[in-house]
Amino acid sequence: MTKRRFLSRGKKSPGSGSFHINWKLVLLAFLAFSLLCALVLGVWSLYLDKVVREKFEGKKWALPARVYSRPLELYEGLPLTPVLFEKELEALGYRSTASVTASGQMSRRAASSQEVTYEILTRGFDFWDKREEPQRFTVRIDSGRIASLMDSKGAALPLVRMEPEEIGGIYPNNIEDRVLVKLEQLPPLLGETLLAVEDKHFLEHHGVSPEAILRAMWVNTREGEVVQGGSTLTQQLVKNFYLTSEQTMARKIPEAIMSVLLEVHYTKSEILEAYINEVYLGRSGSREINGFGLAAQHYFRKPVQELNPQEIALLVGVVKGASFYNPWRNPERAKKRRNLVLGVMHQENLINDKQLKIAQASPLGLAAETDNSLINYPAFVDLVRRQLKQDYKEEDLRAEGLRIFTTIAPMVQRLAENAVATRIARLEKHYKIKELQVGMIVTSVGSGEILALIGDKNPRYPGLNRALDARRQIGSLMKPFVYLAALDQPQTYHLGTLISDDPVSIKGGDGKMWEPKNADNKSHGNMPLYRALAHSENQATVRLGMQLTVKEVIKTVKAAGYTGDIPQVPSILIGAVDMSPLEVTGIYHTLAAEGVYTPLRAIREVLNAEGQPLKRYPIELDQRFSVQSTFELQHALQAVLREGTGRSVYNSFPESLPLAGKTGTTNDQRDSWFAGFSGEHLAVVWVGKDDNAKTPLSGASGALQVWADLMRQVPTQGVNQQAPEGVSFDWIDANTGLLSAEQCEGAMWLPLHNDFKPKESAECKIKENLGEEHWWQKIF
Amino acid sequence: MKKNVFKKVLFLGGLFFVVSNLVGCAGNVKPEAAPVVIEQSAPVAVPEVNVPVKPVEPVIPEAVPQTRAPIPAASSNATASLVSQARTQYQAKNYQGAIAIAERALRIDRRAPDVYLILAQSYMQLANTQAALQFVQQGIRFAQAGTDLAQTLIQVRDSLQK
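The shown structure was predicted, so the numbers you read here are calculated from the model rather than taken from an experiment. (Residues numbered from 1 in each chain as written. Chains lettered and ligands numbered in written order. Predicted model: local features only at pLDDT ≥ 70, side-chain atom pairs only at ≥ 80, totals over all residues.)

Looking at this model, I keep getting lost on the overall build of chain A. Mind explaining?
The helix and strand inventory of chain A stands at 24 helices and 32 strands. Taken along the three principal axes of its C-alpha coordinates, chain A extends 140 × 70 × 45 Å. Taken over 780 residues, chain A has a buried fraction of 49%. Taking the intrachain contacts of chain A between residues at least 6 apart in sequence as the baseline, contacts between residues at least 24 apart amount to 68%. (Helix = DSSP H or I, 4+ residues; strand = E, 2+ residues; numbered from the N terminus. Buried ≥ 20, exposed ≤ 12 C-beta atoms within 10 Å, placed from the backbone. Contact = placed C-beta atoms within 7 Å.)

When you look at the sheet that holds strand β25 (residues 603-607) of chain A in this model, what are you seeing that I'm missing?
Residue and element names in this part refer to chain A. On the basis of which strands lie adjacent, the open sheet formed by five strands has the order β11-β1-β15-β25-β26 and mixed pairing. The sheet terminates laterally at β11 (166-170) and β26 (613-616), the two strands that pair on one side only. Neighbour to neighbour, the strand axes of the sheet diverge by 20° on average, direction disregarded. As paired strands, strand β15 (residues 403-406) and β25 are joined by four bridges and run antiparallel to one another. Counted as the bridge partner of Ile404 is Val606 from β25. (Pairing = 2+ DSSP bridges. Axes fitted to C-alpha atoms, helices over the stretch in contact; angles between N-to-C directions.)

Just to check I follow, could you spell out the domain arrangement of chain A for this structure?
By a widespread convention, an interface's size corresponds to the accessible area lost as its parts come together. Residues and elements named next belong to chain A. Taken as a whole, chain A is organised into domain 1 (25-58), domain 2 (76-158), domain 3 (176-361), domain 4 (402-463 + 579-721), domain 5 (475-576) and domain 6 (727-779). For domain 5 versus domain 6, the distance between C-alpha centres works out to 24 Å. Counting residues at the interface gives nine residues for domain 5, matched by nine residues for domain 6. (Domains from an automatic or database assignment.)

What is the right way to look at the confidence of the model for chain A in this model?
Regions with low pLDDT should not have their predicted coordinates read in detail. Within chain A, residue pLDDT values average 89, and 93% of them lie at 70 or more. In the predicted structure, residues 1-16 of chain A sits below a pLDDT of 50 and forms two contacts with residues beyond four places in sequence or in another chain. (pLDDT = per-residue confidence, 0-100.)

Got a minute to help me understand the packing of helix α8 (residues 268-278) of chain A against helix α9 (residues 291-300) of chain A in this structure?
When two helices pack together, their arrangement is given by the angle between the helix axes and by the axis-to-axis distance. Residue and element names in this part refer to chain A. Relative to each other, α8 and α9 sit at 35°, their axes nearing to 4 Å. Between α8, through Ile276, Asn277 and Glu278, and α9, the contact on the second element is made entirely by Gly291, Phe292 and Gly293. When the residues that make up the contact of α8 with α9 are grouped by side-chain class, the tally is two nonpolar, three polar and one charged. (Nonpolar A, V, L, I, M, F, W, Y, C, P; charged D, E, K, R; others polar.)

I keep staring at the sheet that holds strand β17 (residues 450-454) of chain A and nothing clicks. Help me out?
Strand pairing within a sheet occurs via backbone hydrogen bonds; the two strands may be parallel or antiparallel. Residue and element names in this part refer to chain A. Taken together, the five strands give an open sheet; going across it, the order is β17-β16-β30-β29-β28, and neighbouring strands pair in antiparallel fashion. Looking at which strands have only one partner, the edges of the open sheet turn out to be β17 and β28 (660-665). Adjacent strand axes in the sheet meet at a mean angle of 5° when their direction is disregarded. For β28 and strand β29 (residues 671-677), the ladder comprises six bridges, and the chain directions are antiparallel.

Where do I start with the nonpolar core in this structure?
For soluble globular proteins, the rule of thumb is that nonpolar side chains tend to be buried together. A:Met440 and A:Val685 are the most contacted members of the largest nonpolar core, which totals 192 residues. At nine residues, the largest contribution of residues to this core is made by helix α3 (residues 95-108) of chain B. Setting aside its immediate chain neighbours within four residues, A:Met440 contacts A:Ala416, A:Val420, A:Ile454, A:Ala467, A:Pro581, A:Ala683, A:Val684, A:Val685 and A:Val706. Among the nonpolar cores identified, the runner-up in size contains 47 residues, and A:Val208, A:Val238, A:Leu307 and A:Val316 belong to it. (Core = buried A, V, L, I, M, F, W, Y, C linked by C-beta atoms within 7 Å.)

I would appreciate a short explanation of the environment of A:Gln355 in the present structure.
All names here are of chain A. Within the fold, Gln355 resides in helix α12 (residues 353-361). Residue classification places Gln355 among the partly exposed positions, given that 17 C-beta atoms sit within 10 Å. In this structure the C-alpha to C-alpha distance between Gln355 and Leu342, which are 13 residues apart in sequence, comes to 9.3 Å.

Structure representation (structure tokens):
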């Protein structure tokens, strides 16, 4: 009754006496519903179609800017040691073999530890100016230089340019990284293995394989959990490229529709090419490793073209689960998976019995796992990024795949890192201090190119970049500019000119007296300019600076390349000026390059993702000081290391190597500086504490030691000893500044401006010890 | 060298003997009275004075530097090859390309005057007179006087200065 009442209440037509189904209406409703569903599906498909096409046809991925080191150029006579060369080859991913048969391989034949011959087949590389094709050559290193360089036929080669090392990137926010590979660049074996393992029927299906889905459903139902996927390679691409990785039915439907749409619009090759670049293959710290191009670099440090069957098998095996089969973390599991893939390769006749046997028996052959840092040399890349920001938008740097060719020499950078890490640890232990920090820059003299840059005692730590941002008082590093200002007035000053080192008092604007003291709190009477600089005497330097005027000294520092403000006060004469190691490098480079100012450079060229040149950063020169006065100054800076504050250096350097430089120490030894150069390399080092606390280190006991550790290892050449036109050496009496002779007591062999030499001679007292040789006699 | 020095010593010794007998001993060039007080109108900043240097940590000798001699003539093959490539680019009117290649040569030998010549000429073609002048002046500095190359460099400089 209740039911009837309920049913009767449900009737819409008051005329009908009993319940019956209006099939016509139901059919109509069903048709209407189906139509609506079809309409919704149609609209949705249209929308998905738009999504599919827009993303696939546009720029598929945000590509980070890739940063490259300088390429190593080999030529006969290049200073190079086997150890340094092999490190460079290792960083470039060259494999040592008994006989060289493919690109990226090298063989080594050692006659002794000093004489080694290498046969190398390069990979070729697209440079700014041209493509260097793969080249086979033989190079012999003997006694610290390249003794011969020959092609495969034994003919002499003038020059070989190696490919540069990729040192990092400027990444998109999601830190998704990939090296794009075109399908034709992919080894056929990799493509075939991938299809054999991941989607055997890729070439036949239309995006979705019902057969594979049914099989997977059956297996999963039987197991009670998802153990097998029925996804085609196209579906995997859709899932990774367009959708989330969530495995739900709600996601499976659009995935299937989009897969079909993708197959409708694009060819199998286009889909496969997108897949090989999209697939997730691992992680390095916060960076995602996507695509086979980058995976080959990540796991084996070689281009994808050079992968052997077992390496291909591992990469294809990792597709199933990059974390689960991480070969560094789970080597056994990864090897098992690799061998399983090798089995499939063999089954599909992609490799023969012998290849299978060799491959399955071989170790994983992984490169050393990186320290998970995105960038090898973060402090240097930081400088590159800052310089690029002047010309490019941040989003372009992160997404446009620019190729940045820089000046860093990984060989020098590695030596500098080693020098810093070892010496700072030793200083901390020796002086029982903690939290010492360091900033260091090495440049190539002449070109002004930055070869190495360190912003932290842990060089891989991308924190405060002290090389660029630690602006500290430079102390006595200022003094050479006082003396250069003097030497630039050759009619009045030469290196033998006497200056009093007696106490000096300067009355300031506020009426207070300023009385700078020497480091040893002693006065040394009259002394020649070069000796006052070599021994870093404050009193003599301040007196000289005041004779020249503070304004003139500031003018000299600015002409050397400093662009900041310098207060016009006497204390700047002995370094009451804040500068960063980069700024110090800028002004000292002018001294090292014989008076030629060159803006420091970290970038040589920028290319777009297609390899088209966008911008060059050329070498610029400007002769700011006379060659004569800078040659004289360089002589005095050599005296710093021979007989002055930096003389400890020659405990471990050969006497025949002329080096020049200046120590710097500030109040309470808060900053330890050294800026020094050879004929080819300038290195500036700051050591101190971030909180500007006192340290027990002077310039000589701190920064100079780091500098010496580096310069002992870098193949370099001495400071130029050949006097320029208008300068000649002569003997000068240390007590009078007049002409003297070799055998006279106190005679100094100094470079002098020909037009302004002293005309008178001093009284000569013949030296008692005639056999004694001064440092300048040993190098001339 | 030593022979010349010895000759000079003999000559100067003789000269000194004559001069000292004639005019007596020479005095200091710049005798300095100490202490001096210098009036200074600008404010004085906190003085930065070096403190005595503490004993330096002993340096443990490590690897001896391997190579110290001047650049051997062989490297000039590399420079010459690059100069020739740069010249080809220059003749093809690709001046930026010529500069890029010449800079590679400069990194190998920054005292090679022919490299400066091609750089100067390339910048000249690009109407960058200032850069051209700087490079040609460096070239003149390193060129051997009286050679054809030195002559060419001087001609380029003169034409730039006109």
